[in-house]
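Remarks on the overall topology
Residues per chain, in single letters:
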Amino acid sequence: MNTLLVTGAAGFIGSNFVYYMLEKHPDLKIIGLDALTYAGNLETLAPAMENERFRFVKADITDRKAVFKLFDETPVDAVVNFAAESHVDRSIDTPEIFLKTNILGTQVLLDCCRAHGNIRYHQVSTDEVYGDLPLDRPDLFFTEETPIHTSSPYSASKAGADLLVMAYHRTYGAAVTISRCSNNYGPYHFPEKLIPLMITNALEGKPLPVYGEGKNVRDWLYVEDHCKAIDLILRSGVPGEVYNIGGHNERTNLDVVKAVLRLLGKDESAIVYVKDRPGHDMRYAIDPTKIKNALGWYPETDFDTGLKKTVDWYLTHRDWWEHVKSGEYADYYEKMYKNR
Ligand code: NAD
Ligand code: TDX
């Protein structure tokens, strides 16, 4: 593989993946494509821009003309699609853009790969397509055979994209794979998501809003371990296959918030319990047996280490998140949390 197209490269996981791949594969060239929505940030890619093996293209994956033009002009050997509207709460407020970007954008990329000689395509999906698990059945996990059973407009749009990817495989023989990962955390995580929101609010002396009673469970994975898994799937995964990614690291939201506060040396007085998210999924938990057995993947970073690294990153990158939290973000925060 010479040239890799990474869509959503200016977002949280996409940017971490760009850095992981540039470091891991010294001959690889990467084109990072991103529409630079509210969640995309060119400052995140500043160090990559200095690397002559990286090039940034501003484009919207739903813009068929622009995406085809890029593929016509530049030979691409593989595509990893991270580009998406990714925040569940925003999807409850404004579902339409989720359907457009997550489903129609995926279709444009699939069509491009098909029109340019069956380019290898990897779809970055989520464990949320499986719906949720009950809190009183800790023995249950999501496997690749778990039926799709979505809860939010976000997860429904991601599931729609997954189904389309598999339809292109069966109908056109497209060389596709899908990964479904659990909740990620780490550097460059947009501060509307739980962990970076709690770290930055605590640093700003603001309340820490926990939905409901904070008993919902998420299965946290350090972002670099997700990147490693996608690299393995891209190189050794079998077209037409789905791979679940997760590290058996389940925590309640309240436990996560308390762990952040402990690392910052703060007490728990800033925690406030706010109105629950509508349709809030109770528990996610991945069974990663398939990717472990098929590709030898395992998570390298345990939660305590990963959370400490993450908190340290936010402590040393205050400019990055203060900039992100100004402007449009302030309006969003006011709207989302004011009367909650
Ligand atoms: P993010 O919101 O931080 O980044 C998404 C990026 O996509 C942004 O840079 C944004 O500008 C870009 N984008 C949005 N619409 C676009 C469009 N129409 N054209 C081009 N670019 C566009 O999201 P993330 O957390 O990095 O998630 C990346 C992918 O991983 C998503 O597909 C998400 O569903 C999936 N995922 C995320 C997690 C998680 O915990 N964050 C877990 C599993 C799967
Ligand atoms: O202020 C908050 N308070 C709170 O209690 C926020 C923002 C979240 N929460 C809760 C809701 C969830 O139970 O924390 C949990 C995590 O919330 P998010 O960070 O919004 O993540 P989640 O909804 O679990 O979805 C994430 O993981 C799967 C990503 O945003 C998705 O893109 C990914 O597919």
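My aim in this report is to walk through the structure given alongside it, one point at a time. Small disclaimer: the values here were computed from a predicted structure and weren't measured.

1. Here we look at the side chain of Lys193
When you line up the elements, Lys193 lands in the loop between β7 (184-185) and α7 (194-204). For the buried Lys193, which has no salt bridge, the nearest side chain bearing the opposite charge is Glu192, at an N-O separation of 4.5 Å. If sequence neighbours within four positions are ignored, Lys193 has contacts with Ser86 and His87.

2. Observations concerning the environment of Val217
Looking at the secondary structure, you find Val217 in strand β9 (residues 217-219). Residue classification places Val217 among the buried residues on the basis of a relative accessible area of 9%. Sequence spacing of Val217 and Met282 is 65 residues, and the spatial spacing of their C-alpha atoms is 6.1 Å. Each residue touching Val217, except ones within four places of it in the same chain, is listed here: Leu135, Glu250, Arg251, Thr252, Met282, Arg283 and Tyr284.

3. Quick look at the pattern of salt bridges
Per the counting criterion, the structure on display carries 18 salt bridges. One salt bridge connects Glu241 with Lys290, and the closest N-O pair in it is separated by 2.5 Å. Separated by 49 residues along the polypeptide, Glu241 in the loop between α8 (223-236) and β11 (242-245) and Lys290 in helix α10 (residues 289-295) bring together distant segments of the chain. Overlapping salt bridges, with partners in common, bring together Arg90, Glu192 and Glu328 in one network.

4. Things to note about the site of ligand 2
Neighbouring ligand 2 are 22 residues; Glu128, Tyr154, Arg277, His280 and Tyr337 lie closest to it. Within the side chain of Asn183, a nitrogen or oxygen atom sits 2.9 Å from an oxygen atom of ligand 2. For ligand 2, the accessible surface in isolation is 660 Å², of which the surrounding protein chains cover 94%. Mapped by element, the contributors of at least two residues to the shell around ligand 2 are α7 and β8 (208-211). Of the residues contributing to the shell around ligand 2, the split by class is 10 nonpolar, 7 polar and 5 charged.

5. Focus on the state of the cysteines
As enumerated under the stated definition, the model contains 0 disulfides in all. We note that Cys112 lacks a disulfide partner, and the nearest cysteine sulfur, in Cys113, lies 6.8 Å from it. Of all cysteine sulfurs, the one in Cys181 lies closest to Cys227, which takes part in no disulfide; the gap is 9.3 Å. Judged by relative accessible area, which is 0%, Cys227 ranks as buried.

6. Notes on the side chain of His122
As for its placement among the helices and strands, His122 is situated in strand β5 (residues 120-126). We classify His122 as buried; its relative accessible area is 0%. Residues contacting His122, with those up to four places away along its chain left out, are Val79, Val80, Asn81, Thr177, Ile178, Ser179, Ile230, Ile233 and Leu234.

7. Digging into the site of ligand 1
Taken together, 29 residues are adjacent to ligand 1, and Ile13, Asp34, Ser86, Tyr154 and Lys158 come closest. One of the backbone N or O atoms of Gly11 is found 3.0 Å from an oxygen atom in ligand 1. At 2.8 Å, a backbone N or O of Asn184 approaches an oxygen atom of ligand 1. Protein coverage of the free-state accessible area of ligand 1, which is 830 Å², stands at 96%. Counting only elements with at least two residues in the shell around ligand 1, the list comes to α1 (12-24), β5 and α6 (153-172). Tallying contributions element by element places β5 first for the shell around ligand 1, with 3 residues.

8. Digging into the packing of aromatic side chains
Within the structure shown, the criterion is met by 20 aromatic pairs. Plain terms: the ring middles of Tyr19 and Tyr188 are 6.2 Å apart, the flat faces sit at 25° to each other, and that makes the pair stacked. On the criterion of sequence distance, the pair formed by Tyr19 in helix α1 and Tyr188 in the loop between β7 and α7 is long-range, its members being 169 residues apart. Given the relative accessible area of 14%, Tyr188 is considered buried. Ring centres of Tyr38 and Phe190 lie 5.3 Å apart, and the angle between their planes is 85°; on these two criteria the pair is classed as edge-to-face. Within this pair, whereas Tyr38 is found in the loop between β2 (29-34) and α2 (46-49), its partner Phe190 is found in the loop between β7 and α7, the two being separated by 152 residues in sequence. Among the aromatic residues, those joined into a cluster by ring pairs are Tyr38, Phe190, Tyr211, Tyr329, Tyr332, Tyr333 and Tyr337.

9. Some words on the pairing of β8
Side chains Leu208 and Val210 of β8 all project onto a buried face; the interleaved residues Pro209 and Tyr211 project onto the opposite face, where all are buried too. The pairing of β8 with strand β13 (residues 271-274) spans 4 bridges and is classified as parallel. Each residue of the ladder has a partner; that of Leu208, found in β13, is Ile271.

10. Observations regarding unusual backbone geometry
Although it is not a glycine, Leu36 adopts a positive phi angle of roughly 55°. With respect to the helices and strands, Leu36 occurs in the loop between β2 and α2. Residue class for Leu36 comes out partly exposed when judged on its relative accessible area of 25%. Of note, the phi angle at Asn118 is positive, near 55°, even though the residue is not glycine. Tracing the chain through its elements places Asn118 in the loop between α5 (96-115) and β5.

Calculation rules
Residues numbered from 1 in each chain as written. Chains lettered and ligands numbered in written order. Predicted model: local features only at pLDDT ≥ 70, side-chain atom pairs only at ≥ 80, totals over all residues. Heavy atoms only, no water. Helix = DSSP H or I, 4+ residues; strand = E, 2+ residues; numbered from the N terminus. Buried < 20%, exposed > 50% of the residue type's maximum accessible area, 1.4 Å probe, protein only. Lys, Arg positive; Asp, Glu negative; His and termini not counted. Salt bridge = Lys/Arg side-chain N within 4 Å of Asp/Glu carboxyl O. Contact = heavy atoms within 4.5 Å. Near = heavy atom within 4 Å. Polar contact = N/O pair within 3.5 Å; in protein donor to acceptor, adjacent residues only side chain to side chain. Areas by Shrake-Rupley, 256 points an atom, 1.4 Å probe, with all protein chains shown as cover. Nonpolar A, V, L, I, M, F, W, Y, C, P; charged D, E, K, R; others polar. Disulfide = S-S within 2.5 Å. Phe/Tyr/Trp six-rings, centres within 6.5 Å; stacked < 30°, edge-to-face > 60°. Pairing = 2+ DSSP bridges.

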